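# Coordinate inspection notes
Each chain is listed here by its residues.
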Amino acid sequence: MDRSHPEFSESAYYDIPLAKSMSEKYTMLKEDECIQAALSNEHGVLVSPEGIGNEAKGAPKVLVTMGSDSDLPLMMKAVNTLRYEFGIPCLVQINSVHRDLRSVVKHIENLPTSVQVIIACAGGAAHLPGNIADLRADLPVIGVPRDLGALKGIDALLSMVQMPEGAPVAVMAIGEAGAVNAAIHAAKELAIADPAIKERLMTYAEKRKVRVASQNQTLEKKLHDCS
Ligand code: AIR
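Residues numbered from 1 in each chain as written. Predicted model: local features only at pLDDT ≥ 70, side-chain atom pairs only at ≥ 80, totals over all residues.

## Let's talk about the sheet that holds strand E1 (residues 45–48)
Pairing is mixed across the open sheet formed by seven strands, whose spatial order is E2-E1-E4-E3-E5-E6-E7. Each edge of the sheet is formed by a strand with only one pairing partner; in this case those strands are strand E2 (51–52) and strand E7 (170–171). Bridge count between E1 and strand E4 (residues 90–94): three bridges; the pairing is antiparallel. Its bridge partner being in E4, Val45 is matched across the sheet by Val92. Those strands touched by helix H6 (residues 154–161) are strand E5 (117–122), strand E6 (141–145) and E7, and its axis lies near 160° from that of E6. Along the sheet, helix H7 (residues 176–191) contacts strand E3 (62–66), E5, E6 and E7; its crossing angle with E6, the most-contacted strand, is approximately 170°. (Pairing = 2+ DSSP bridges. Helix = DSSP H or I, 4+ residues; strand = E, 2+ residues; numbered from the N terminus. Contact = placed C-beta atoms within 7 Å. Axes fitted to C-alpha atoms, helices over the stretch in contact; angles between N-to-C directions.)

## Some points on the site of the ligand
Neighbouring the ligand are 16 residues, the closest being Gly67, Ser68, Ser70, Ser96 and Gly123. Residue composition of the shell around the ligand, grouped by class: six nonpolar, seven polar and three charged. (Near = placed C-beta within 6 Å. Nonpolar A, V, L, I, M, F, W, Y, C, P; charged D, E, K, R; others polar.)

## Considering helix H3 (residues 72–86)
An α-helical turn contains 3.6 residues, so any two residues separated by three or four positions project in the same direction. Spanning 15 residues, H3 covers 20 Å between terminal C-alpha atoms, matching the ideal 21 Å at 1.5 Å per step. At Asn80, H3 shows its maximal bend, which comes to roughly 25°. Regarding H3, the residues found buried are Leu74, Met75, Lys77, Ala78, Val79, Thr81, Leu82, Arg83, Glu85 and Phe86. Where H3 ends, the next residue or the one after it, Gly87, has phi of about 65°, a positive value. (Expected span 1.5 Å × (residues − 1). Bend = angle between axes of the 7 residues up to and from the residue. Buried ≥ 20, exposed ≤ 12 C-beta atoms within 10 Å, placed from the backbone.)

## Describing the pairing of E5
Most of E5 is tucked away: six of the six residues are buried. Both faces of E5 are covered, namely the face carrying Val117, Ile119 and Cys121 and the face carrying Ile118, Ala120 and Ala122. In this structure, E3 lies alongside E5, joined through five bridges in parallel fashion. Considered in E5, the bridge of Val62 is made with Val117. In this structure, E5 lies alongside E6, joined through five bridges in parallel fashion. Across the sheet, Cys121 pairs through a bridge with Val144, a residue of E6. For the crossover that starts at E5, traverses helix H5 (residues 128–135) and ends in the parallel E6, the hand is right-handed. (Right-handed = clockwise from strand over helix to strand, strands pointing away.)

## Section: the nonpolar core
By size, the foremost hydrophobic cluster in this structure holds 50 residues, and its most contacted members are Val62, Ala78, Cys90, Ile119 and Ala186. In contact with Ala186, other than residues within four places in its own chain, are Val62, Leu82, Val117, Ile119 and Ile142. (Core = buried A, V, L, I, M, F, W, Y, C linked by C-beta atoms within 7 Å.)

## A look at the packing of helix H4 (residues 101–109) against H5
At a closest axis distance of 10 Å, the pairing of H4 and H5 adopts a crossing angle of 50°. As summarised for this structure, H4 and H5 are arranged oblique, according to the angle between their axes. Here H4 and H5 pass one another in a crossing that is right-handed. Where H4 approaches H5, its residues Val104, Val105, Ile108 and Glu109 are matched on the opposing element by Asn131, Ile132 and Leu135. Its residues assigned to classes, the contact of H4 with H5 comprises five nonpolar, one polar and one charged. (Parallel < 35°, antiparallel > 145°, perpendicular 65-115°, else oblique. Left-handed = near helix turned anticlockwise from the far one by under 90°.)

## Structural notes on unusual backbone geometry
Among all residues except glycine, the phi angle is most often negative; among peptide bonds, the trans geometry is most common. Positive phi outside glycine occurs at Lys152, with the angle close to 55°. Mapping Lys152 onto the fold places it in the loop between E6 and H6. Here Lys152 falls in the partly exposed class, since 15 other C-beta atoms lie within 10 Å of it.

## Considerations on the confidence of the model for the protein chain
Detail in the predicted coordinates should be disregarded across regions flagged by low pLDDT. Averaged over every residue, the pLDDT of the protein chain is 90; the share at 70 or more is 88%. The low-confidence segment residues 1–19 (pLDDT under 50) makes 15 contacts with residues lying over four places distant or belonging to another chain. (pLDDT = per-residue confidence, 0-100.)

## Thoughts on the pairing of E4
With respect to burial, E4 is a largely interior element, four of its five residues being buried. The pairing of E3 with E4 spans five bridges and is classified as parallel. Bridged to Thr65 within E4 is Gln93. In this region the chain leaves E3, passes through H3 and returns to the parallel neighbour E4; the handedness of that crossover is right-handed.

Take a look at the structure:
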C-alpha cells in the first residue's frame, strides 16, 4: 500500500466515515475481493490510491492504455493524478494497434462495465486513441501524444487530432502536461455523476491558486536575485 505519497490522505479518498460498523467494512472487503476476482490479465492491472494489483481496491472507472511500456513514465503522470488527486481507481494496460491489433480489439471490446472513460497514449504514428474511439462508440476517449523521436510528438498529435466526423478523440497537449490534463479531464467527466470527485476537483483548483499566491509572496526577492 503506497501511503508515502505526499498527496495521500486516507480520508480524502474514501467516501466512508471512519466510524463504519464492522459488518459494513466486511461487506466492502468482500466487494473488493469480488472486483479483484472478476479482473483478469485481459483487463490489465488495477491501480488505486491504496496500491497496485492485489493491493488496489475499488472498481476501475478509467482505462489508462498505451502503445508500449516505454510510454509508462509519461503515463504515470496520469495514473498518479487519478489516484492521488481524485481517488479514482483505474486499469492500466498496454495495447499496440501496430504490433497486435487483434488483442487491442479483444481488450477494448471486453472492458469491465465500471470503466467509463478511456485515456490512450502513443508515440509516432499514434492511432490507438482513434481506433478505440471507433471500437467504443459509448465511451469518451482522451488522447495523449507522446513527445518522442524525430518529430517530438507532432506526429502523434496529428495522428490523434484529425479524426473523421463521428469518432471524436479529446486530444491533450504533447507530453507531461497532456498526461496530467488527461486525468483531470477524465475526472471532470466522472464528476458529472459523482459529487465526491467534483469536490476533489475544486480542492485541486484551490491548490493551483495557492501556488500563484505564494509565487507573488516571494516575487520581490526573486526580482532582486535576477537583477
Ligand atoms: N507505438 C507502439 N505501437 C504503436 C505505436 N504507435 C508507439 C508506442 C511508443 C512508441 O511506439 O506508444 O510511444 C515506441 O515504442 P517502443 O516499444 O519502441 O518504445
